[in-house]
Amino acid sequence: MSTTSPTPPGAAAARSPQRPPTDDGRTGPGGPPKRRRPPTGAARENRAGLAFVTPTFLVVLVVVVLPILWTVLLAFQHARLVDIQGMSLFGDWTLDNVTGVFTSPGFWASLWTTLLYTIGATAGSVVLGLVAALALRRPFRGRGLLRGSMLLPYVAPVVAVAFVWEIALSPQFGIVNEWGGTLLGWDDPIAFLSTRSFDVSLLGLHFDIPLALLTVVAFETWRYFPFAFLFLLARLQAVPDGLEEAAKVDGATHTQRFRYVLLPQLMPVIALLCVLRFIMTFNKFDDVYLLTGGGSGTDVVAVRVYDFLTARFDVGAAAAQALVLAAFLTVLLGVYFTFFAKKVQEEA
Amino acid sequence: MSAAHTSPRGRPAARRFSRARFEERLFGVLRWVVIAFLAVITLAPFSYMLLLSVKPIDALLLDPGRLWVSAEDFTLSTYREVLKPTSEGGQGFVHMLANSALVSLGAVVLTLLAAIPGAYAVSRLKFFGGRQVSALFLAVYLFPATLLAVPLFVMFAKMGLQGSLVGLAIVYIAQTVPVSIYMMKNYFVTIPYSIEEAAALDGCSRLQTVRKVILPLAAPSLMATGLYVFMIAWNEFLFALLFLAAQPDKWTVSLGLQQLAGGIEVSKTVLMAGSVVLTIPVVLLFFAAERLLTEGLTSGADKS
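Residues numbered from 1 in each chain as written. Chains lettered and ligands numbered in written order. Predicted model: local features only at pLDDT ≥ 70, side-chain atom pairs only at ≥ 80, totals over all residues. Heavy atoms only, no water.

Asker: Break down the UniProt feature "transmembrane region" (unreviewed entry) in chain A for me, with residues and values.
Answerer: With numbering aligned to this structure, UniProt lists the feature "transmembrane region" (unreviewed entry) at residues 50-76, 115-136, 148-168, 209-233, 260-280 and 318-341 of chain A. Secondary structure across residues 209-233 of chain A comprises 92% helix and 4% strand; the distance between its end C-alpha atoms is 34 Å. (UniProt positions renumbered as here; feature names shortened; annotations may be inferred. Helix = DSSP H or I, 4+ residues; strand = E, 2+ residues; numbered from the N terminus.)

Next up, the structure:
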């Protein structure tokens, strides 16, 4: 790195044109300042830039880009972990893996589950984050403390918090069922994490709700609302006070001020958060795996990829699953950006 | 304050005025309800974790709903069991803590080394392809971990790096480099050019300027980024599970805890003690540097 950036002192100074040329040495103090410096400066900056970015670029290439390209290759090969040693990088092409993904039992159901889980958790965490940001907007005693502790779910290790939830929701010794029984009069303890569908009767109507899935969504909402909260609060505090004051003077109520003054200001951040959370949740593995192991109707695709990889050592099938998942995500994002992103931009 | 509501435009405000006052009251109350709710949902699970970790298992089974631990029940034997080495019949968490610390610190050093030059170049220098590279760095953030898991799993199996902590630290670079670049880039652009120019005039080469001027000035940002990487690496579970599951002496705390839960009969209170051990380092670090970290992460959010 050091050998490729022999940038002399003048390079940075050359950026500001009004500065006299400081090409020390070459054009002596008395010599007429030759006007060939600016392009050289730009060229030097170009070279320095390339020199500085190369190491980072190489690392990203090796640990991210190349492995992903390899996933694409693997998805179209017969590859099992046992015979991967002798396998060449190319060859033995097949479409079996990809067709296998679509025809394998439970794939479409699993994709549907993933989608429900993602939408629920994204919406939940952004909405709760927004509510939290609005509530904590104005100072009050202990706000700093609460703000700090509200980030706990986000920074705490997922394994630890997943176990706390698991134990708290346990039908045998969980505090939720115990209190539900004594305070709310639940007849039987509810197995939140292992009930595929739970029969609820409301006003004489019977509903089956996917309880385990909802619990996982609640967990995800709880764990990631601080992320949304953090960004929304930062944006809220950057909204100029005058805007709201003006609306207030004009007699706008709380809800009106929120709808017509604050929300338009927040919309770009909300849209960005939704996209980010959607992507992250769509590929989420650990939360579901730790809470339910992918059972009871929470069989998201990421957990299937893991199962293919570790239980069957079917590398090709796992790669194809992951690839199909990524392809779906790309399509969804493509739809979003072509149809909705512009609208959000305009509204803002 | 509410005087402002007798709107300057006057008469038709009568109905609106009452609505405004109604909403004022409603949201005044709702705000405190929400604040209390948030405090409960964020603090209760962690208090519950602490509470169970100092209870004997019989006390939990006897009365699961109790929110306190009586003086004669209070015990630290759960922690003793978790922390004692496996050779003495414990769960060996001290050793796992060391593994986790090693991997996380390794990941911090490697990620910073990898990210600093790129962040500097992207924030300061105009160069051919700069915008594309910058976009690529951000796009990496969006590549799903599941796509990476398969090839890395295969690659490490092939290279014999499976079960090596070094390999895991390398994987964590991939997980953290995009956000690290983003955080540092946002900080670098706030350092005035003139400082760099002054250094250049004093005869510093570009590399010297970065090392002796920019990096010391960016120390808060480097700290924040390092902390972020440390926390991600410490909490990470999927790759630890994929790479280390077969070698118990290499387990990180996250993995060790999960294996503990799935393995032979271990009481839930011991499990909670393990969770506390796993959580405390991250939480302490976080509170020590909360300001730094939240500002580092959200800087730029108010501009978008």
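Asker: I'd like to hear about the pattern of salt bridges, residue by residue, with values.
Answerer: All names here are of chain A. Evaluated as defined, the whole model comprises 8 salt bridges over all chains. The closest approach of N and O atoms between glutamate 244 and arginine 257, which form a salt bridge, is 3.4 Å. Of this pair, glutamate 244 sits in helix α10 (residues 241-249) while arginine 257 sits in helix α11 (residues 254-282), and the two are 13 residues apart along the sequence. A residue is classified by how much of its surface remains accessible, and glutamate 244, at 11% relative accessible area, is buried. The shortest N-O distance in the salt bridge between aspartate 287 and lysine 284 comes to 3.8 Å. By the burial criterion, aspartate 287 is buried, and lysine 284 matches it. Within the structure, one salt-bridge network assembled from shared partners comprises Arg137, Arg138, Glu244 and Arg257. (Salt bridge = Lys/Arg side-chain N within 4 Å of Asp/Glu carboxyl O. Buried < 20%, exposed > 50% of the residue type's maximum accessible area, 1.4 Å probe, protein only.)

Asker: Provide a residue-level description of the packing of aromatic side chains, including the pertinent values.
Answerer: Applying the stated rule across the entire model yields 22 aromatic pairs over all chains. Ring plane angle 85° and centroid distance 5.1 Å describe the contact between tryptophan 165 of chain A and phenylalanine 219 of chain A, whose orientation is recorded as edge-to-face. Residue tryptophan 165 of chain A is found in helix α7 (residues 158-168), and its partner phenylalanine 219 of chain A is found in helix α9 (residues 211-237); the two are separated by 54 residues along the sequence. Phenylalanine 219 of chain A sits in the buried class, given a relative accessible area of 0%. Ring geometry for phenylalanine 230 of chain B versus tryptophan 234 of chain B: centroids 5.7 Å apart, planes at 20°, classification stacked. Placement of both phenylalanine 230 of chain B and tryptophan 234 of chain B in helix α10 (residues 219-235) is noted, with a separation of 4 residues, approximately one turn of the helix. (Phe/Tyr/Trp six-rings, centres within 6.5 Å; stacked < 30°, edge-to-face > 60°.)

Asker: Break down the confidence of the model for chain A for me, citing the residues and quoting the values.
Answerer: In the predicted model, chain A carries a mean pLDDT of 78, and the fraction of residues at 70 or more is 81%. Segment residues 1-31 of chain A is flagged for pLDDT under 50; beyond a separation of four residues in sequence, or across chains, it makes 41 contacts in the model. (pLDDT = per-residue confidence, 0-100. Contact = heavy atoms within 4.5 Å.)

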